[in-house]
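So the chains spell out like this:
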Amino acid sequence: MTLTRRAALAALAAAPLAATPAAAQTTITLQHALPATSHYGAGAAALKETLERLTQGRVRVNVQRNDNEREMIESVQIGTIDCTITSTGPVGNFVPGVRVVDVPFLFRDYPHARGVLDSEIGQGLLQQFSARGLVGVIWMENGFRHLTNSRREVNNPADVRGLKVRTMENQVHMRAFQTLGALPTPMAFSELVPALQQGTVDGQENPIPVIVANNLNQVQRFLTLTGHVYSPAVLICSPGTMQRLSTADRAAFTEAARAAQRANREKVSADEASGVDELRRRGMTVVTQVDTAAFQTALAGAFQQYERELDGALLRRMRDWRPN
């Protein structure tokens, strides 16, 4: 096992070991917010298959869908569900240090983002979950977020002005859109499609895999490949759930979490490769040539606030990270 892979489960390994063996059969409830065919579904299925196989059925995984990510995190925190795969959008409301990963244009590309999160930087962030009554198990992902809307093509920052854009309940994202002159409207993912249908909001921002899996092309006409934020996801579990597992079953869970991460990222990569053409085929107008530098310049005021309000030194480490 590489050093990076050892570090990837540091937060889980740090949780207290169970004092007694697990019961003859344990059921773990895992919730996430997307269809079974999505990248979250791929990760959940891999975790279920791997854990049940390695434990010879001693541990079963019950995968459920719940479109409200904040509700899922709260449920894990109080122990009414065992685990969730969630975007980091609402996580900063529980673990404030995680907000740094949601800063726009922080990561250059997928190798950069995945490398940072799998390094000691990402593992340090996962260790912060324990103080909040959560176990940050392993980083997964949504992908780079792009802007869709029903009103007009967006070719430059000026085109964003005045758009009512649904965002996650995330102050970092909201500040970015406010700075661009949009009207950010935070709401749970479960409320998004009705809000788009009713015109409560004009647009939204999500990675290609989310747009494809949820058929957002049915309620949005224009897609602009802004890539403005890399959106991580994270597997979070209840400390009580981890404590109930025997040492052997905890080791199996660690291996299953790695399998979930691989399957999730592979699905994101596959969807990124085919998703834009698929959305064009479904009738969306796609703007691919985006002046990224213009968006970064327009967000200068927001960047200054992030440096002051978040961990500026950590942001610089993340931006400057290079593989060894």
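Worth saying up front: this structure is predicted, and the values here are computed from it rather than measured.

**Considerations on the nonpolar core**
If you look at the biggest cluster of nonpolar residues, it comprises 51 residues, and the most contacted ones within it are F129, Y306 and M318. Elements that contribute at least two residues to this core include exactly helix 4 (69-78), helix 5 (110-118), helix 6 (120-127), strand 4 (135-149), helix 7 (171-179), strand 8 (222-237), helix 13 (300-309) and helix 14 (312-320). Not counting the four nearest positions on each side in its chain, F129 is found in contact with V91, V95, V98, L134, V135, G136, V234 and I236. Formed by 42 residues, the second largest nonpolar core is a distinct cluster that contains I85, A233, A256 and A257.

**Details of the pattern of salt bridges**
Enumeration over the complete set of coordinates arrives at 20 salt bridges. R65 is paired through a salt bridge with D67; the nearest N and O atoms lie 2.8 Å apart. Accessibility expressed as a relative area gives 43% for R65, which makes it partly exposed. Judged by relative accessible area, which is 24%, D67 ranks as partly exposed. E141 is the salt-bridge partner of R114, the closest N and O atoms lying 2.4 Å from each other.

**Observations concerning the packing of aromatic side chains**
Per the stated rule, a full pass over the model turns up five aromatic pairs. Between Y110 and F144, the ring centres sit 5.0 Å apart and the planes meet at 90°, which makes this aromatic pair edge-to-face. Here Y110 is found in helix 5, whereas its partner F144 is found in strand 4, with 34 residues between them in sequence. Just as Y110 is buried, F144 falls in that class too. Clustering of aromatic rings is evident, with ring pairs tying together F107, Y110, F144 and Y230.

**A word on unusual backbone geometry**
Of all residues except glycine, most have a negative phi; of all peptide bonds, most are trans. Of note, the phi angle at Q56 is positive, near 55°, even though the residue is not glycine. For Q56, the location among the structural elements is in the loop between helix 3 (39-54) and strand 2 (59-65). A positive phi is found at N215, a non-glycine position, where the angle reads about 55°. In this fold, N215 is placed in the loop between helix 9 (208-213) and strand 8. Looking at N215, the relative accessible area reads 32%, which means it is partly exposed.

**Regarding the side chain of S231**
Checked against the element boundaries, S231 lands in strand 8. Non-local contacts of S231, meaning those with residues more than four positions away in its chain, are made with S87, E141, N142, G143, R145 and P207.

**Re the confidence of the model for the chain**
Averaged over all residues, the pLDDT of the chain is 92; the fraction at 70 or higher stands at 93%. Counted against residues more than four places away or in other chains, residues 1-5, with its pLDDT under 50, gives six contacts. Every residue in residues 16-23 scores below 50 in pLDDT, and together they form 13 contacts with partners more than four places removed in sequence or on other chains.

**Details of helix 11 (residues 247-281)**
Over its 35 residues, helix 11 runs 50 Å from end to end, which matches the ideal 51 Å to within 8%, given 1.5 Å per residue. Approximately 45° is the largest bend angle found in helix 11, and it occurs at S274. Following helix 11 by one or two positions, G283 has its phi on the positive side, about 110°.

**Examining the state of the cysteines**
What we call a disulfide is simply a covalent bond connecting the sulfur atoms of a pair of cysteines. Scanning the model with the defined rule gives one disulfide in all. Shown here is the disulfide that connects C83 with C237, its sulfur atoms set 2.2 Å apart. Taking the torsion about the S-S bond as the criterion, the C83 to C237 disulfide, at about 105°, is right-handed. Taken together, the residues C83 in strand 3 (residues 83-87) and C237 in strand 8 connect sequence positions 154 residues apart. With respect to class, C83 is no different from C237; both count as buried.

Rules used in this analysis
Residues numbered from 1 in each chain as written. Predicted model: local features only at pLDDT ≥ 70, side-chain atom pairs only at ≥ 80, totals over all residues. Heavy atoms only, no water. Core = buried A, V, L, I, M, F, W, Y, C linked by side-chain atoms within 4.5 Å. Buried < 20%, exposed > 50% of the residue type's maximum accessible area, 1.4 Å probe, protein only. Helix = DSSP H or I, 4+ residues; strand = E, 2+ residues; numbered from the N terminus. Contact = heavy atoms within 4.5 Å. Salt bridge = Lys/Arg side-chain N within 4 Å of Asp/Glu carboxyl O. Phe/Tyr/Trp six-rings, centres within 6.5 Å; stacked < 30°, edge-to-face > 60°. pLDDT = per-residue confidence, 0-100. Expected span 1.5 Å × (residues − 1). Bend = angle between axes of the 7 residues up to and from the residue. Disulfide = S-S within 2.5 Å.

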